[in-house]
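Structural overview
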Amino acid sequence: MKASIRKPVVILGAGLAGLTAAHFLHRNDVPVRLFEAGNKIAGLAQSFHDEEGFTYDFGAHFVTNRLAKAVGIADKCRTVRHYAETVWLGGKSYSYPFGLLRIPRMFAGGLRSQLNLSQGKSATAAEWFRASYGDALADEVAIPLTEAWSGAKADKLSSAVGDGIANSVAQTLWLKLASRLTRRAVSCGYSRELPENAGVYHVYPEGGIGTLCQALAADLNGMIQLESPVEKILVEQDKAIGVRVGGREMEAAAVISTAPVNVLGKLIEGTSSLAYLTPFRYRPMVFVNLRLHGRGLLPDVVTWTPEAQYPFFRLTETPLSMPWLAPADKTILTVDIGCEKSDEFWQMADERLGEFCVAHLQTIIPDIRSRFEGCRVMRTPVAYPVFLREYETERQKFARGTGIGNLYSIGRNGEFMHIFMEDVYERTKQRMAQLTQSLTAQKRLSVFPVLSPKPQLS
Ligand SMILES: Cc1cc2nc3c(=O)[nH]c(=O)nc-3n(C[C@H](O)[C@H](O)[C@H](O)COP(=O)(O)OP(=O)(O)OC[C@H]3O[C@@H](n4cnc5c(N)ncnc54)[C@H](O)[C@@H]3O)c2cc1C
């Protein structure tokens, strides 16, 4: 074997995407080196446990039985029996999506939009929501929520924001019904790569969401290096040839990045062809996990709060789905606040954030103050990719590939896509199959070099 094929594929990031990539390449006998900037694996898929018996998930809470099986941890998972969402409007909760149709103006607007077959193509997210849901539902629910999580006005966002909301009304109805009949939280809107059906439901791994990543890392002994941010990706003649880590250069057969794309744009040395990625934005998020006495304090597992009086947009009472995440007579309520790294929420001390959330939650849980036992705050600077119209053309170009030979950008932040874990896993698996094929072809070329150009056919 030529020396060149034994150069490792270098992977940046030991979240779900990086570990999936390493796992599949290693299984195909491709040498791998994985560098992680942080001091732990799993990235956004981490869970933390405290001495009082509470478990806090960092980003993800809900994974499918199909993903757990694929990763080989199906027997280490508990079935999630219940999952439902509501919207809090005018002091009342409405189940999402169908309960909202009890409001006559939302029903009428929704019906009109469904019957309007002459809809043109929407350019902005605002137009897309109005055309798809009708004015009332768009203006009172969908648009304010989108603006809260993205931090951008809906008319400045691309209509591609709607691409993630894929399921039809009939499909959603069927999946909700299947959930009731099977008494399992049938997955609805969590997978786009593979079909959702009554047999795909949420599970929770023993030890937390990070167990998925630990399973993938199990056969990667000695290949993962923590606290080692990749400083540069070296490119020569439009091909990735290595990386710089800890000031030292290392050759690579290919480089796979799971870093946010605006960071990737700055990591490249040797070409400016990805400089267009640097203005791409991600929305930072603060998660305030309130520890409360009692349980069943919210109308259901997830409650969306689109009204302007609320500084947060989503509340999740995870123990309603996963009772084991809190002691029996207690609960956790996760408050999602979209923010910027320069604003008051990002900077606010944890205790003050807890008090702030409690004060704003009194209209939903009147006795919350007497139930409050403390909070644990988590922050991430890269929660949601923001699809601004100003870089929509570049976003679509990037979706077709990096344009640099042997450089792949994968995962939620690396693809700049609103994807959940099963899709991260599936998409990464497919791309690693392509990379393995491409490396094999490159190896064949290096063993049997083409000596003369092919004859022209015409
Ligand atoms: C608020 C929120 C809720 C979610 N809820 C769900 C859910 O319920 N169900 C679900 O399936 N999915 C959910 N997701 C999505 C899921 O968490 C992600 O899709 C998945 O964890 C992304 O994995 P990743 O490997 O792509 O990225 P990450 O987990 O972000 O991993 C990237 C890693 O790369 C490292 N890194 C970055 N730069 C460098 C560098 N230069 N050198 C070395 N390392 C570097 C980072 O430290 C990080 O560890 C949620 C996401 C968010 C934000």
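Residues numbered from 1 in each chain as written. Predicted model: local features only at pLDDT ≥ 70, side-chain atom pairs only at ≥ 80, totals over all residues. Heavy atoms only, no water.

Thoughts on the environment of phenylalanine 416
With respect to the element layout, phenylalanine 416 can be found in the loop between α13 (411-415) and α14 (421-447). By relative accessible area, phenylalanine 416 is classed as buried at 1%. When the C-alpha atoms of phenylalanine 416 and arginine 281 are compared, they prove to be 9.4 Å apart, with 135 residues separating the residues in sequence. (Helix = DSSP H or I, 4+ residues; strand = E, 2+ residues; numbered from the N terminus. Buried < 20%, exposed > 50% of the residue type's maximum accessible area, 1.4 Å probe, protein only.)

Notes on helix α4 (residues 125-133)
With seven of its nine residues buried, α4 lies for the most part within the structure. Buried within α4 are the following residues: Ala125, Ala126, Trp128, Phe129, Ala131, Ser132 and Tyr133. Tucked into the core, α4 has its buried residues touching α3 (104-115) and α5 (135-150). With its phi angle positive at about 90°, glycine 134 sits one or two positions after the end of α4. (Contact = heavy atoms within 4.5 Å.)

Things to note about the sheet that holds strand β13 (residues 248-251)
Read across the open sheet, the four strands follow the order β13-β12-β11-β15; overall the sheet is mixed. Strands with a single pairing partner mark the edges of an open sheet, and in this sheet they are β13 and β15 (268-269). (Pairing = 2+ DSSP bridges.)

Things to note about the layout of surface pockets
When its volume is computed, the second largest pocket comes out at roughly 430 Å³. Around the second largest pocket, the lining is made up of 19 residues, and of these Tyr83, Ala84, Lys176, Ser179 and Arg180 lie nearest the centre. Going through the elements one at a time, β7 (85-89), β8 (92-96) and α6 (169-182) are the ones with two or more residues in the lining of the second largest pocket. If you tally residues by element for the lining of the second largest pocket, the top one is α6, at six residues. (1 Å grid on protein atoms, 1.4 Å probe; cavity = no way out; pocket = protein on both sides within 12 Å on 5 of 7 lines; lining within 4 Å. Points joined across faces, edges and corners; volume = space filled by probe spheres on them.)

Here's the deal with the site of the ligand
The ligand sits among 31 residues. The nearest are Ala17, Glu36, Leu44, Phe62 and Met421. In this structure, an oxygen atom belonging to the ligand sits 2.7 Å away from a main-chain N or O atom of leucine 44. Contact distances for the ligand include 2.9 Å between a nitrogen atom and a backbone N or O atom of valine 230. Alone, the ligand offers 1000 Å² of accessible surface; in the complex the protein occludes 90% of this. Put simply, the parts of the chain that give the shell around the ligand at least two residues each are α1 (16-27), β20 (372-386), α13 and α14. The leading source of residues in the shell around the ligand is α13, at three residues. In terms of residue class, the shell around the ligand is built from 20 nonpolar, eight polar and three charged. (Near = heavy atom within 4 Å. Polar contact = N/O pair within 3.5 Å; in protein donor to acceptor, adjacent residues only side chain to side chain. Areas by Shrake-Rupley, 256 points an atom, 1.4 Å probe, with all protein chains shown as cover. Nonpolar A, V, L, I, M, F, W, Y, C, P; charged D, E, K, R; others polar.)

Notes on the confidence of the model for the protein
Close inspection of predicted coordinates is inappropriate for parts of the model with low pLDDT. Here the protein averages 93 in pLDDT, while 94% of its residues score no lower than 70. Below a pLDDT of 50 lies the segment residues 1-5, which in the model reaches nine contacts outside its immediate sequence neighbourhood of four places, other chains included. (pLDDT = per-residue confidence, 0-100.)

Considering α6
Between its first and last C-alpha, α6 extends 20 Å over 14 residues, near the 20 Å set by a 1.5 Å rise per residue. When we look at burial in α6, the residues that qualify are Thr172, Leu175, Ala178 and Ser179. Each buried residue of α6 sits inside an arc of 125° when the element is viewed along its axis, so together they form one side. Opposite the packed face of α6, turned more than 90 degrees from it, sit the exposed residues Ala170, Arg180 and Leu181. Looking one or two residues beyond α6, the residue adopting positive phi is arginine 183, at roughly 55°. (Expected span 1.5 Å × (residues − 1). Arc of directions from axis to C-beta.)

Notes on the pattern of salt bridges
Enumeration according to the criterion identifies 18 salt bridges in this entry. Ionic pairing is found between glutamate 340 and arginine 283, a salt bridge with its closest N-O pair at 2.5 Å. Here the residue glutamate 340 occupies a position in the loop between β19 (330-338) and α9 (344-347), and arginine 283 occupies one in strand β16 (residues 281-293), the gap between them amounting to 57 residues. A relative accessible area of 28% means that glutamate 340 is categorised as partly exposed. Note on arginine 283: relative accessible area 8%, which makes it buried. Between lysine 330 and glutamate 373 there is a salt bridge, with its nearest N and O atoms 3.2 Å apart. Of this pair, lysine 330 sits in strand β19 while glutamate 373 sits in strand β20, placing them 43 residues apart in sequence. Each member of the salt-bridge network shares a partner with another, and the members are Glu193, Glu415, Arg427 and Arg431. (Salt bridge = Lys/Arg side-chain N within 4 Å of Asp/Glu carboxyl O.)

A short note on the state of the cysteines
Here the structure, examined in full by the defined rule, presents zero disulfides. Here cysteine 339 is not cross-linked by a disulfide; its sulfur's nearest cysteine counterpart is in cysteine 357, at 11 Å. Between cysteine 357, a cysteine without a disulfide, and cysteine 375, which holds the nearest cysteine sulfur, the sulfur-to-sulfur distance is 7.6 Å. (Disulfide = S-S within 2.5 Å.)

Digging into the sheet that holds strand β10 (residues 224-225)
As summarised here, the arrangement of the five strands in space is β10-β2-β1-β14-β21, forming an open sheet in which the pairing is parallel. Looking along the sheet, the strands with just one partner apiece sit at the ends: β10 and β21 (407-409). Alignment of strand β14 (residues 254-257) against β21, held across three bridges, turns out to be parallel. Residue pairing across strands places isoleucine 256 opposite tyrosine 408, the latter belonging to β21. Sitting on the sheet, α1 is in contact with β1 (9-12), β2 (32-35), β10 and β14, with an inclination near 170° to β2. (Axes fitted to C-alpha atoms, helices over the stretch in contact; angles between N-to-C directions.)

Overview of the domain arrangement of the protein
When the parts of a complex come together, some accessible area is lost, and that lost area is often taken as the interface size. When its domains are assigned, the protein resolves into domain 1 (3-43 + 211-274 + 402-447) and domain 2 (281-386). Using C-alpha coordinates to define each centre, domain 1 is positioned 34 Å away from domain 2. On the domain 2 side, the residues contacting the eight residues of domain 1 number seven residues. Of the roughly 670 Å² buried where domain 1 meets domain 2, counting both sides, 56% is carbon and sulfur surface. Between domain 1 and domain 2 we count zero salt bridges in total. (Domains from an automatic or database assignment. Buried area = accessible area lost by both parts, 1.4 Å probe.)

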